[in-house]
Amino acid sequence: MKKIKFLALSALLLSTFTFQSCKDDDDESKPEEVFKVKHIFILNEGLQSANNSTLDCYYPNGENSYQSKVYTTTNGEGLGDIGQDIICYGKRVYVSVWGSNYMAKLDQYGKVLEKYSFKSDEGQPRYLAAKDGFVYVSTYAGKVAKFDTTSIAAPLGFAEVGSNPEGIAVAGNYLVVCNSQQNYVSDHRISIVDLSSFSLKKHIESEEYGNYQTATVVGNNVYVTYYSPTYTIETLSVDVDNGTIKPAVAASKIATDGSSLFCVNATTEDWVTFTTSFFKLGSTESLLDLTQVPELATSNVYMFEIDPDTKDFYIGTTDFATNGIIYRFDKTGKFITKFETSGISPNGAAFVY
């Protein structure tokens, strides 16, 4: 991964920051219901070319507490090289593994049901999103692939977008695609894909911004993160209808509980000590009580997820060398617990109901 002044490039190469949850029914057309969280999959990215990505399972209500490397235990093989993204949809869990160049569909217990290995012209898989029985995957061939959830044996098609697309998110009947950069040249376009025709509807472009990383949808609002020319991380507000982009907040990680946007801002100059703050968009108050875990104020936050049921915050930290640490806070910002993962750089969580 290329080094930068403020935050590692891979630190923003995360899930789209729009959480997905597994429910007890595959029919996504049914009304939303609230279910008790059964377990949470934690994806540990690992190091590039080290083939050491892992998948763990955490039980927030105390049952079995924490199970390390459940993918390996369940399937008798390792996850692979660079676990990139993970989501839940229907009764299935989907994982993209960038370095090993495949996407897997798992059951609720981590058992592989199907795999799809991307061809060289299809690009390596990056980020995931889902809607109406389909899973979408951005790839480094400048495309987004579409799969039917009944079988991922082969993609249904591809939509051409921009340079090395990263985070994707569903906004209404559109897919918002963050194009990043290629050969160190930033792509200044955010691609909007019409899901009905699965084709590019338009590019939203601004010469002022580029190298986009993640997308999060909060109601009718769309937020994307991007690298500035000095590689600080900022968050922008995107008006899909009017095709405009404007600054929103200085934040390197963003997540939503469904109605509000929550932010993490972490900066560093020496790659050892970080200045890290947690807040809700529009508020100057600290989001979390760090009294019991003051080290978080100087940690490199690599994962920022919100449980869609309880609204608990899950924060993963990394030093890119040793196993990650997950910190859990309740929705009021009160610290609950922390635990070590089985791998380096936890970068995503999937909430299984």
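Here's what I pulled together on the structure shown here. By convention here, each chain's residues receive numbers from 1 onward along its written sequence. With the structure being a predicted model, the display of local features is reserved for residues of pLDDT at least 70 and the display and counting of side-chain atom pairs for 80 or more, all residues being used for whole-chain, interface and lining totals. Water and hydrogen atoms play no part in the side-chain values, which are based on all heavy atoms of the structure.

### Notes on the overall build of the protein chain
Defined as follows: Numbering of helices and strands starts at the N terminus; helices are DSSP runs of H or I of at least 4 residues and strands are runs of E of at least 2. Exposure classes here rest on a 1.4 Å probe applied to the protein chains alone. A residue is buried below 20% of its type maximum, exposed above 50%, and partly exposed in between. When checking whether two residues touch, look at their non-hydrogen atoms; a contact exists if any pair is within 4.5 Å. Only the protein chains shown count as covering a residue, and every accessible area follows the Shrake-Rupley method with a 1.4 Å probe.
Looking only at helices and strands, the protein chain features two helices and 30 strands. The buried share of the protein chain, taken over its 353 residues, is 59%. Here the analysis covers contacts within the protein chain between residues at least 6 apart in sequence; of these, 51% occur between residues at least 24 apart. Carbon together with sulfur atoms contributes 47% to the accessible area of the protein chain, which is approximately 13900 Å² in total.

### Quick look at the sheet that holds strand S28 (residues 323–329)
The line we're drawing: Strands qualify as paired when DSSP identifies two bridges or more between them. In this analysis an axis means a line fitted to C-alpha atoms, helices contributing only their contacting stretch, and an angle means the value between N-to-C directions, from 0 to 180 degrees.
Strands sit in the order S26-S27-S28-S29 across an open sheet of four strands; the sheet is antiparallel. Here the strands that pair on one side only, and so sit at the sheet edges, are strand S26 (301–306) and strand S29 (335–344). For this sheet the average axis-to-axis angle between neighbouring strands, irrespective of direction, equals 20°. Bridge count for S28 against S29 is six bridges, and the pairing is antiparallel. Within the sheet, the bridge partner assigned to Phe329 lies in S29 and is Phe335.

### Examining the sheet that holds strand S25 (residues 274–280)
Spatially, the three strands line up as an open sheet ordered S23-S24-S25, and their pairing is antiparallel. With one partner strand each, in any of the chains shown, strand S23 (253–256) and S25 form the two edges of the open sheet. Here the strands of the sheet are splayed against their neighbours by 15° on average, with no regard to which way each runs.

### Concerning the pattern of salt bridges
Oppositely charged side chains may form a pair once their charged atoms are brought near each other. Basically, it comes down to this: The salt bridge criterion pairs a side-chain nitrogen of Lys or Arg with a carboxyl oxygen of Asp or Glu, the two atoms within 4 Å.
Per the counting criterion, the structure on display carries six salt bridges. Its salt-bridge partner being Asp187, residue Arg189 comes within 2.9 Å of it at the nearest N-O pair. Classification of Arg189 as partly exposed rests on a relative accessible area of 24%. By relative accessible area, Asp187 is classed as buried at 5%.

### Quick word on the side chain of Arg328
Quick reminder of the rule: Nitrogen and oxygen atoms within 3.5 Å of one another constitute a polar contact, given that in protein one can donate a hydrogen and the other can accept it, and given that sequence-neighbouring residues count only through two side-chain atoms.
Relative to the assigned elements, Arg328 resides in strand S28. A distance of 3.2 Å separates polar atoms of two side chains, one belonging to Arg328 and the other to Tyr314. Look past the residues within four positions of Arg328 in its chain and what remains in contact with it is Tyr58, Pro60, Asp312, Phe313, Tyr314, Lys334, Phe335, Ile336 and Thr337.

### A closer look at the side chain of Ser252
The residue Ser252 is located in the loop between strand S22 (244–249) and S23 in this model. At 3.1 Å, the side chain of Ser252 forms a polar contact with the backbone nitrogen of Ala266.

### Description of the nonpolar core
Worth spelling out the cut-off: Nonpolar cores are built from buried Ala, Val, Leu, Ile, Met, Phe, Trp, Tyr and Cys residues. Side-chain atoms within 4.5 Å join them into one set.
Within the largest apolar cluster, 19 residues are counted, with the highest numbers of intra-cluster contacts made by Phe41, Leu55, Leu79, Ile86, Val93, Val95 and Leu106. Among the secondary structure elements, those contributing two or more residues to this core are strand S2 (39–44), strand S3 (54–58), helix H2 (70–75), strand S5 (83–89), strand S6 (92–97), strand S7 (102–106) and strand S30 (346–352). If you look at the next biggest cluster of nonpolar residues, it comprises 18 residues, including Cys178, Tyr212, Val217 and Ile245.

### Notes on the packing of aromatic side chains
Aromatic rings considered in pairs are described by the distance between their centres and by the relative angle of their planes. Here is the rule: Ring geometry is summarised as follows: Phe, Tyr and Trp rings, the Trp one being its six-membered ring, pair when their centres sit within 6.5 Å, and such pairs are stacked at plane angles under 30 degrees, edge-to-face over 60 and tilted between the two.
According to the stated counting rule, one finds 16 aromatic pairs in the structure shown. Here the aromatic rings of Tyr58 and Phe339 are separated by 4.4 Å at their centres, their planes lie at 25°, and the arrangement is stacked. Taken together, the residues span a long stretch of sequence, with Tyr58 in strand S3 and Phe339 in strand S29 at a distance of 281 residues. We classify Tyr58 as buried; its relative accessible area is 6%. When the centroid spacing of 5.1 Å and the interplanar angle of 85° are considered together, the rings of Tyr116 and Phe118 count as edge-to-face.

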